Amino acid sequence: GAIGAAAIPVAFAYGGWQTASFVAGEMRDPRRDLSRGLVMGVVGVVILYLSVNFVCLRVLGPAGLADTRTPASAVMRIALGESGARWLAVGIAVSTLGFLSQGILTAPRVYYAMAQDGLFFRSVGWVSPKTGAPVVAILVQGVAATVIALSGRYEQILNYVVSVDFISFGMTAASLFVFRRKGAGEGVYLAPGHPYTTGLFVLACAGIVFSTFASYPENSVIGLGILLAGIPVYLYWSRRKRLASNS
């Protein structure tokens, strides 16, 4: 149970790779570049994070890690004094800004695509003729992010996100079994080790979701409720699109 609870923020830390697919429609060769980008990005993050963890464990030890909430700063303080800790804090701030920037660049593309497909307000799909940016979609994302940020503590919001994220990840990977059974997508995208690697990924996602619900049931239920609230909205827009096409 403790390992499962600890895996929740770790899973979130290694997440983010899925947002690359949000801009796949704008890639010149998504069949090649999306796969390469996902693999290279994930491998790079794994190497970087494991290296940081190795250094922190080597310098601070298990007891030192347990006594601090800012292990990277503690390591830099030992290595370079207070100035090193301050510079690392600046680096973390820059990294945070980078994460927020990619969110601003990628997440609004989902609203934009929904609007273009007739599954959301048409105005949300408006693109600035000057910059080529989906301005309205970006504003929608900004307002939504602000509301979420003000709705609770960081760990609460983290539990909302992780439980819903890994439900989606697991179901997306499980759909590969359906596509392969139907013969769809054969030779378009390779899945090395399928069905074993795919099944392992689905089980890992299920384990993280279970751990989240077991450790933080209230927050997880709220996140699941937010997800389920989108179903009637989707059905409404789908029906509206169908009626518009028939007329």
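Described in the following lines is the structure provided in the data block.

What counts and how
- Residues numbered from 1 in each chain as written.
- Predicted model: local features only at pLDDT ≥ 70, side-chain atom pairs only at ≥ 80, totals over all residues.
- Heavy atoms only, no water.
- Helix = DSSP H or I, 4+ residues; strand = E, 2+ residues; numbered from the N terminus.
- Buried < 20%, exposed > 50% of the residue type's maximum accessible area, 1.4 Å probe, protein only.
- Areas by Shrake-Rupley, 256 points an atom, 1.4 Å probe, with all protein chains shown as cover.
- Polar contact = N/O pair within 3.5 Å; in protein donor to acceptor, adjacent residues only side chain to side chain.
- Salt bridge = Lys/Arg side-chain N within 4 Å of Asp/Glu carboxyl O.
- Patch = residues over 30% accessible without salt bridge, like charges linked within 9 Å, V, L, I, M, F, W, Y side chains within 5 Å.
- Core = buried A, V, L, I, M, F, W, Y, C linked by side-chain atoms within 4.5 Å.
- Contact = heavy atoms within 4.5 Å.
- Axes fitted to C-alpha atoms, helices over the stretch in contact; angles between N-to-C directions.
- Parallel < 35°, antiparallel > 145°, perpendicular 65-115°, else oblique.
- Left-handed = near helix turned anticlockwise from the far one by under 90°.
- Nonpolar A, V, L, I, M, F, W, Y, C, P; charged D, E, K, R; others polar.

Let us now look at the overall build of the chain. When helices and strands are tallied, the chain shows 7 helices and 0 strands. Sequence-ordered secondary structure for the chain, helices as α and strands as β, is α-α-α-α-α-α-α. Taking the principal axes of its C-alpha atoms as reference, the chain extends roughly 70 × 45 × 40 Å. Burial analysis of the chain (247 residues in total) assigns 22% to the buried set. When the accessible surface of the chain is summed, it comes to about 16,500 Å², and 70% of that surface belongs to carbon and sulfur atoms.

Within the secondary structure, Ala13 sits in helix α1 (residues 2-13). Here Ala13 falls in the partly exposed class, since its relative accessible area comes to 34%. The sequence separation of Ala13 and Tyr49 amounts to 36 residues, and the corresponding C-alpha distance is 9.0 Å.

Mapped onto the fold, Gln141 is located in helix α4 (residues 135-149). Side-chain polar atoms of Gln141 contact the side chain of Tyr111, separated by 2.7 Å.

Right, let's get into the pattern of salt bridges. Evaluation of the coordinates by the stated rule reveals 5 salt bridges. Across the salt bridge formed by Asp33 and Arg32, the nearest N and O atoms sit 2.7 Å from each other. According to the relative accessible area criterion, Asp33 is partly exposed, its value standing at 27%. Its salt-bridge partner being Arg153, residue Glu155 comes within 2.8 Å of it at the nearest N-O pair. Of the residues examined, Glu155 reaches a relative accessible area of 39% and is grouped as partly exposed.

A cluster of nonpolar side chains, namely Phe12, Phe99, Leu100, Tyr154 and Val161, defines an oily patch on the protein surface of about 480 Å² accessible area. Elements with a contribution of two residues or more to the nonpolar patch: α3 (71-116) and α5 (154-182). Here Phe99 lies in helix α3. On the basis of relative accessible area, Phe99 is assigned to the partly exposed category, the value being 46%.

What follows is about the nonpolar core. Ile8, Ala11, Leu158, Val162, Phe166, Phe169, Cys205, Ile208 and Val209 together form the largest nonpolar core, which totals 9 residues. Secondary structure elements with two or more residues in this core: α1, α5 and α6 (196-215). A total of 4 residues in this core trace back to one element, the largest contributor, which is α5. The residues touching Leu158, leaving out its near neighbours within four places in the chain, are Pro9 and Phe12.

Turning our attention to the side chain of Thr198. Along the chain, the position of Thr198 falls in helix α6. A polar side-chain atom of Thr198 sits 2.7 Å from a polar atom in the side chain of His194. Once residues lying within four places of it in the same chain are set aside, the contact partners of Thr198 are Ala173, Leu176 and Phe177.

So, on to the packing of helix α2 (residues 30-67) against α3. Where α2 meets α3, the axes come as close as 10 Å, and the angle between the chain directions of the two elements is 115°. As far as their axial angle goes, α3 and α2 are roughly perpendicular. For the element pair α2 and α3, the recorded crossing hand is right-handed. Seen from α2, the contacting residues are Val55, Cys56, Val59, Leu60 and Leu65; seen from α3, they are Pro71, Ala72, Ala74, Val75 and Ile78. A per-class count over the contact of α2 with α3 returns 10 nonpolar, no polar and no charged.

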